[in-house]
Amino acid sequence: MADTARNEHPFRFAFTGRSGEYFRLCIISLCLSLVTLGVYSAWGKVRKRRYLYAHTKLDGTGFDYRASPLAILRGRILALLLFGGFALSGHFVPWMQWIFIGLLLVLSPWIVVAAARFNARNSTYRNIAFGFDGRTGEAAWIFVGGAALSLLTFGLAYPWYRMRRARFIIAHHRYGATPFSTDLQAGGFILTYLFAVLMLFGAFAVLAAAGMSLASNATAVPPLSEGASIAGVGAIVLVYAMYVVVYAYIRARTLNLIADATVIGPMRLRGTLRARRLAWLYASNIVAVLATLGLATAWGTIRVARYRADNLVARADAPIETYARGASPRATATGSEVSELFDVDVSL
C-alpha cells in the first residue's frame, strides 16, 4: 500500500479561460439567437461549451466537446414541443397538464440516461471519448423511486437519494474502455445535509430573536416608504445571504465527496473545495450580475470554473496515455435538451 502511494503521480487540473473572450462568445450567441428567433442558440451552446472544455486542462491538455449543433437543435425543438404542450394545456385544458406531468415522470429516466450518454459520447480528452452505459430501468428506480421515497419521508431520505443519483451517474461512465467506479456512501451526505439544516435553524433563530428585540423598540426605527423598515430589508438580505452560504456549503461538501469517491482505472480524484470561498464567489457573482443587469454572467462563470479546476486533482500510478480507446453507443441530443429545459440535475 505504501509503495503504491509513493508511486502515485499527481495530475493537476487548471482552467485558462478569460472573461473577455467568454463574454464575446456569450454576446455574439445572444445577438444571433435573437436575430434567428432562437435557432442559433444550439450553435451558441456548442461554442460556449467547447470554449469551457478546451480551457479546462488536465496535465496540460484540454478537453473537447464535439456535439453537433443540428442534433442539439432537433432535441431542443422536441423539448420545446413538450414544454409548450404543458404550458398551453394549463390555459385551455387544465386537466391535460396532469397528462403532461405523467408523461414527464415516465420519460424522466430516459431523459437522464439519454442526456448523460449524449454528453459523455461528445466529450473527449486526448482524442479518446467518454461513454455512458446506464440503463433506463435502473434510472427509473433511482430517480423516480428515490424522489418518491424522499417525499414520503418528508425529506429524510433525500441525502440517500442524492448519493444514489451521483453513484448511478459515476459508476456507468467510462473513459474509452476504462470504466469509472465509485465507493460513494450515504454517511457523508447525511452529515452534510444535517449540518446544513442546523445552520438554517440557527440562522433563523438568530433572526427571530433580533426581530423580537427590534419589535420592542419599533418606535426608535425610522420607517421607510411603502411601510417597509430598515430592519426588515436587512433581514431579507441576511436570509438570502444565509441561503447562499448554506448552498455553497452543500455544494462544496457534496462535490468533494463525489470527487474523492471517483476512480477511473488507476486514477483517483481528489476535491478540495472550500465552502467559505465558494460562498464568496456565489455572493459576489450575484451582486455583480444584478448590478450589471446580467452582463457580468460570463465573468462569474469563468471565476467559478477556475476555482473548481484549481481545487481538483487526479492521482494515478500509471500515465494517462495507458488508457485504451473504446466504442461509444449511439446517443441522442433530445434527452440532454429536455433535461436542461426542465432542470433535471444529471451532472456529476
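Residue positions are given per chain, counted from 1 along the sequence in the order it is written. The predicted origin of the model limits local features to residues at a pLDDT of at least 70 and limits the giving and counting of side-chain atom pairs to 80 or more, whereas totals for whole chains, interfaces and linings rest on all residues. To get the side-chain values, all heavy atoms of the structure are used, and hydrogens and water are removed first.

Re the environment of Asp-260
Piece 1. Residue position: Asp-260 is located in helix α9 (residues 230–260).
Piece 2. Two residues qualify as a contact provided that any one of their heavy atoms is within 4.5 Å of a heavy atom in the partner residue. Beyond its immediate sequence surroundings of up to four residues, Asp-260 is in contact with Arg-268, Leu-269, Arg-270 and Gly-271. We count a stretch as a helix when DSSP gives it H or I for four or more residues in a row; a strand needs E for two or more, and each element gets its number in order from the N terminus.

Digging into the pattern of salt bridges
Piece 1. Salt bridges are counted wherever a side-chain nitrogen of Lys or Arg sits within 4 Å of a carboxyl oxygen of Asp or Glu. Throughout the structure, instances matching the rule amount to 5 salt bridges.
Piece 2. In this structure, Arg-174 and Asp-133 form a salt bridge, with 2.9 Å as the shortest nitrogen-oxygen distance. Of this pair, Arg-174 sits in strand β6 (residues 173–175) while Asp-133 sits in the loop between β5 (128–132) and α6 (136–152); the two residues are 41 residues apart in sequence, bridging distant segments of the chain.

Looking at the packing of helix α4 (residues 69–92) against helix α5 (residues 96–121)
Piece 1. At a closest axis distance of 10 Å, the pairing of α4 and α5 adopts a crossing angle of 160°. Relative to α5, α4 is oriented roughly antiparallel. The crossing of α4 and α5 is left-handed. Residues Ala-71, Ile-72, Leu-82, Gly-85, Phe-86, Ser-89 and Gly-90 of α4 form the contact with α5, whose own contacting residues are Met-96, Gln-97, Phe-100, Ile-101, Leu-103, Leu-107 and Phe-118. What counts as an axis is a line fitted to C-alpha atoms, over the stretch in contact for a helix, and the angles between N-to-C directions run from 0 to 180 degrees. Should an angle fall under 35 degrees it is taken as roughly parallel, and over 145 as roughly antiparallel, whereas 65 to 115 is taken as roughly perpendicular and any remaining angle as oblique. Each helix crossing is assigned a hand: it is left-handed if the near helix lies turned anticlockwise from the far helix by less than a right angle, otherwise right-handed if that turn is clockwise.

Examining unusual backbone geometry
Piece 1. Phi at Arg-126 is positive, roughly 55°, even though this residue is not glycine.
Piece 2. Among the structural elements, Arg-126 can be located in the loop between β4 (123–125) and β5.
Piece 3. The backbone of Leu-293 sits at a positive phi, close to 55°, despite the residue not being glycine.
Piece 4. Position of Leu-293 among the secondary structure elements: in the loop between α10 (275–291) and α11 (297–310).
Piece 5. Taking the relative accessible area as the measure of exposure, Leu-293 reaches 80% and is therefore exposed. Under the scheme applied here, a residue whose accessible area is under 20% of the maximum for its type counts as buried, over 50% as exposed, and between as partly exposed, the area being computed with a 1.4 Å probe on protein chains only.

Here we look at the pairing of strand β9 (residues 267–271)
Piece 1. Side chains of β9 alternate between two faces, with Met-267, Leu-269 and Gly-271 buried and Arg-268 and Arg-270 left unburied.
Piece 2. Should DSSP find at least two bridges between two strands, the strands are regarded as paired. Of the pairings in the sheet, the one linking strand β8 (residues 262–264) to β9 comprises 2 bridges and is antiparallel in character. Paired with Ile-264 across the bridge in β9 is Met-267.
Piece 3. Connecting β8 to the next strand, β9, in antiparallel fashion are 2 residues, including Gly-265 with a positive phi near 60°.
Piece 4. Note that β9 and strand β10 (residues 312–316) share 5 bridges and pair antiparallel. If you follow Met-267 over to β10, its bridge partner there is Ala-316.

Concerning the nonpolar core
Piece 1. Core analysis: the largest hydrophobic core is formed by 48 residues, its most contacted members being Leu-58, Phe-143 and Phe-168.
Piece 2. A per-element tally of this core places helix α7 (residues 158–171) first, with 6 residues.
Piece 3. Definition used in this section: a nonpolar core is a set of buried Ala, Val, Leu, Ile, Met, Phe, Trp, Tyr and Cys residues joined via side-chain atoms within 4.5 Å. Ranked by size, the runner-up nonpolar core spans 11 residues in total, among them Val-244, Leu-255, Ala-279 and Tyr-307.

Concerning the sheet that holds β9
Piece 1. Overall, antiparallel pairing links the 10 strands, which are arranged β1-β2-β3-β4-β5-β6-β7-β8-β9-β10 in a closed barrel. Between one strand and the next, the sheet's axes are offset by a mean angle of 30°, whatever the strand orientation.
Piece 2. Strand contacts of α11: β1 (9–15) and β10, with the helix running at about 175° to β1, the strand carrying the most contacts.

Quick look at α4
Piece 1. Helix span is expected to be 1.5 Å times the residue number reduced by one. Over its 24 residues, α4 extends 34 Å from the first C-alpha to the last, a length consistent with the 34 Å expected when each residue adds 1.5 Å.
Piece 2. By the burial criterion, the buried members of α4 are Pro-69, Ala-71, Ile-72, Leu-73, Gly-75, Arg-76, Ala-79, Leu-82, Gly-85 and Ser-89.

Re α6
Piece 1. Relative to the 24 Å expected for 17 residues at 1.5 Å per residue, α6 spans 23 Å between its end C-alpha atoms, a close match to the ideal helical length.
Piece 2. What is called the bend at a residue is the angle between a pair of axes, fitted to the seven residues leading up to and ending at it and to the seven starting from it. At Gly-145, α6 shows its largest bend, some 25°.
Piece 3. Among the residues of α6, Ala-139, Ile-142, Phe-143, Gly-146 and Ser-150 are the ones counted as buried.
Piece 4. Packed against the buried residues of α6 are α5 and α7.

Here's the deal with a nonpolar patch on the surface
Piece 1. Within this analysis, patches are made of residues with over 30% relative accessible area and no salt bridge. Like charges are joined at 9 Å or less; nonpolar side chains (Val, Leu, Ile, Met, Phe, Trp, Tyr) at 5 Å or less. Computed with the Shrake-Rupley method and a 1.4 Å probe, the accessible areas treat only the protein chains shown as cover for residues. There is a patch of nonpolar side chains on the surface, built from Leu-88, Phe-92, Val-93, Trp-95, Trp-98, Ile-99, Ile-101 and Leu-105 and spanning about 920 Å² of accessible area.
Piece 2. Of all the elements in the fold, those that place two or more residues in the nonpolar patch are α4 and α5.
Piece 3. The leading source of residues in the nonpolar patch is α5, at 4 residues.
Piece 4. Mapped onto the elements of the fold, Phe-92 is located in helix α4.
Piece 5. For Phe-92, a relative accessible area of 68% puts it in the exposed group.

No statement about biological role is implied by the geometric values presented.
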